[in-house]
Amino acid sequence: MKKQIFYILLFISTISFAQKPMVKAEIDTTSIRIGEQFQLKISVDETQNVIIPKIQLKGLEIIDSTRIDTIKNSLIRRYILTGFDSGAFYIPQQQIFVKNQAFLTDSLLINIATIAIDTAKVKKFPIKSIKKEPYTFDDFRIYIYLILAILAIIGFWIYWFVIRKRKETEDAPTYRTLPPFEEAILRLNELDEKLLWQNNKIKEYYSELTEIVRGYIERELKVPALENTTDEVLAMIKDFKNADSIETSKETIKKLKDLLQEADLVKFAKSKPLAIEIEDDRRDAEFIIGNLKPKQIIEKEDELE
């Protein structure tokens, strides 16, 4: 009975040793001279879910490598290696992952021999003087970059302090040279050309529209309409009306109130009026500018007899 068990175990172990390894490493030679090249081949007996990491070497260098090839249900990758130091070097075991399981290749030994030189047959030459290398772009690179940086700084300085200031001076609005009414109408026409609300910039449109109306009131009535709130502006207009110092109507004051309140809703409550309402507000703004004016004081001089 014991002999039968022994033979069974021996048979199982023989089968296991006879199985083809999952990963394998081979070299085409075991001995080279310094600088010569040899080939390392890694084979994996599987084609699915295989990861071949970067191989780890000591004393050897990788010259080139091929892509992973599939041959007869196996993956093969070849490396071209060399060495520049004499001696015996091991290619250590390489870890290969197959279906999330790690396998190790065998370690391999490569001998690198020096090249024997017969000094008696080597022709001797006199020592030559040092020969200067020709100039290349790298010799002047730092100077070129330095010059470009200086030119960029000078160009920026000229643009910022000369061209930009000149452009700002040329583009400065000349509204203050116009009478309040003409300035306001001009700015309304410019606002129309911007097509702000048509491009869904309603908040910007109402901000500029009410700024034009407030700016007109501030210049025409000489009050701080741009700095005051909607209620404060309306209160000042009503005071002027009660004092009979402006030429306007209740309709004009109502349109002013509705316009400023609508603008506040758009700016602070994110209200989105309809297109027809926006067009009505634009017409109301021009109506307000045309119907809100200070009274003209005409002083009559006594005629001398």
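Structure: see above.
Per chain, the residues get numbers from 1 upward, laid out in the order the sequence is written. Two thresholds apply to this predicted model, a pLDDT of at least 70 for residue-level local features and 80 or more for giving and counting side-chain atom pairs, whereas whole-chain, interface and lining totals are computed over all residues. The basis for every side-chain value is the complete set of heavy atoms in the structure, and neither hydrogens nor water enter the calculation.

**Considering the pattern of salt bridges**
Think of it this way: side chains of opposite charge can pair up when their charged atoms draw near.
Part 1 of the argument: Within this document, salt bridges are pairs made up of a side-chain nitrogen of Lys or Arg and a carboxyl oxygen of Asp or Glu, the two lying within 4 Å of each other. Inspection of the entire model under this criterion finds 14 salt bridges.
Part 2 of the argument: Ionic pairing is found between Lys 41 and Glu 26, a salt bridge with its closest N-O pair at 3.6 Å. Here Glu 26 lies in strand E1 (residues 23-27) and Lys 41 lies in strand E3 (residues 37-44), a separation of 15 residues in the sequence.
Part 3 of the argument: For Lys 41, a relative accessible area of 22% gives the class partly exposed.
Part 4 of the argument: In this structure, the salt-bridge partner of Asp 244 is Lys 295, at a minimum N-O distance of 2.6 Å. Taken together, the residues Asp 244 in the loop between helix H5 (230-242) and strand E12 (246-247) and Lys 295 in the segment after strand E13 (293-294) connect sequence positions 51 residues apart.
Part 5 of the argument: A relative accessible area of 48% means that Asp 244 is categorised as partly exposed.
Part 6 of the argument: The rule is simple: take the accessible area with a 1.4 Å probe, protein chains only, and divide by the maximum for that residue type; under 20% is buried, over 50% is exposed, in between is partly exposed. Given the relative accessible area of 34%, Lys 295 is considered partly exposed.
Part 7 of the argument: Via salt bridges that share partners, Lys 24, Glu 26 and Lys 41 belong to a single interconnected network. Starting at the N terminus, helices and strands are each numbered in turn, a helix being any DSSP run of H or I of at least four residues and a strand any DSSP run of E of at least two.

**Regarding the sheet that holds strand E4 (residues 50-51)**
Part 1 of the argument: Reading across from one edge, E4-E9-E10 is the order of the three strands in this open sheet, with antiparallel pairing throughout. Of all the strands in the sheet, just E4 and strand E10 (101-104) have a single pairing partner and so form its edges.
Part 2 of the argument: Following DSSP output, two strands are said to pair if at least two bridges run between them. One ladder, built from four bridges, connects strand E9 (residues 95-98) with E10; its direction is antiparallel. Within E10, the position partnered with Val 98 by the bridge is Gln 101.

**Notes on unusual backbone geometry**
Part 1 of the argument: One non-glycine residue, Lys 72, lies in the positive phi region at around 50°.
Part 2 of the argument: Judged by relative accessible area, which is 78%, Lys 72 ranks as exposed.
Part 3 of the argument: In the Ramachandran plot, Lys 222 falls in the positive-phi region, its phi being about 60° despite a non-glycine side chain.
Part 4 of the argument: The topology assignment puts Lys 222 in the loop between helix H4 (202-221) and H5.

**Thoughts on the packing of aromatic side chains**
Each aromatic ring pair is described using two quantities: the centre-to-centre distance and the angle formed by the ring planes.
Part 1 of the argument: Only the six-membered ring of Trp is used, alongside the rings of Phe and Tyr, when aromatic pairs are assigned; centres must lie within 6.5 Å, and planes under 30 degrees apart are stacked while those over 60 apart are edge-to-face, with the rest tilted. Enumeration according to the criterion identifies three aromatic pairs in this entry.
Part 2 of the argument: Each ring, one from Phe 156 and one from Trp 160, has its centre 5.9 Å from the other, and the planes form 20°; the classification is stacked. Of this pair, Phe 156 and Trp 160 both sit in helix H2 (residues 137-171), four residues apart, which is roughly one turn of that helix.
Part 3 of the argument: On the basis of relative accessible area, Trp 160 is assigned to the partly exposed category, the value being 35%.

**Describing helix H7 (residues 275-290)**
Part 1 of the argument: In a regular helix each residue adds 1.5 Å, so 16 residues correspond to 22 Å; H7 covers 23 Å between its end C-alpha atoms and thus fits that length.
Part 2 of the argument: By the convention used here, residues are in contact when the closest approach between their heavy atoms is within 4.5 Å. Lining the buried residues of H7 we find helix H3 (180-194), H4, helix H6 (250-268) and E13. Each helix should span, by expectation, one fewer than its residue count multiplied by 1.5 Å.

**Examining the sheet that holds strand E8 (residues 87-91)**
Part 1 of the argument: Overall, mixed pairing links the three strands, which are arranged E2-E11-E8 in an open sheet. Bordering the open sheet on either side are strand E2 (31-33) and E8, each of which pairs with just one other strand. Going from strand to strand, the sheet's axes swing by 30° on average, the running direction of each strand aside.
Part 2 of the argument: The pairing of E2 with strand E11 (residues 108-113) spans three bridges and is parallel. When the sheet's bridge partners are listed, Ile 32 is paired in E11 with Ile 112. Axis definition: a line fitted to C-alpha atoms, over the contacting stretch in the case of helices. Angles run 0 to 180 degrees between N-to-C directions.

**With respect to the packing of H3 against H7**
Part 1 of the argument: Between H3 and H7, whose axes approach to 10 Å, the crossing angle comes to 170°. It follows that H3 is roughly antiparallel to H7 by the angle criterion. Counting all contacts with H3, which are made through Phe 181, Ala 184, Ile 185, Leu 188, Asn 189 and Asp 192, the residues of H7 involved are Arg 282, Glu 286, Ile 289 and Gly 290. Angular relationships are summarised with four words: roughly parallel below 35 degrees, roughly antiparallel beyond 145, roughly perpendicular across 65 to 115, and oblique for the angles in between.

**As for H3**
Because each turn of an α-helix spans 3.6 residues, side chains separated by three or four positions in sequence point in the same direction.
Part 1 of the argument: For H3, built from 15 residues, the straight-helix expectation of 21 Å at 1.5 Å per residue is met to within 8% by its first-to-last C-alpha distance of 21 Å.
Part 2 of the argument: Looking at H3, one finds that the buried residues are Pro 180, Glu 183, Ala 184, Ile 185, Arg 187, Leu 188 and Leu 191.
Part 3 of the argument: Contacts made by the buried residues of H3 are with H4 and H7.
Part 4 of the argument: Just downstream of H3 lies Leu 195, where phi reads positive at about 55°.

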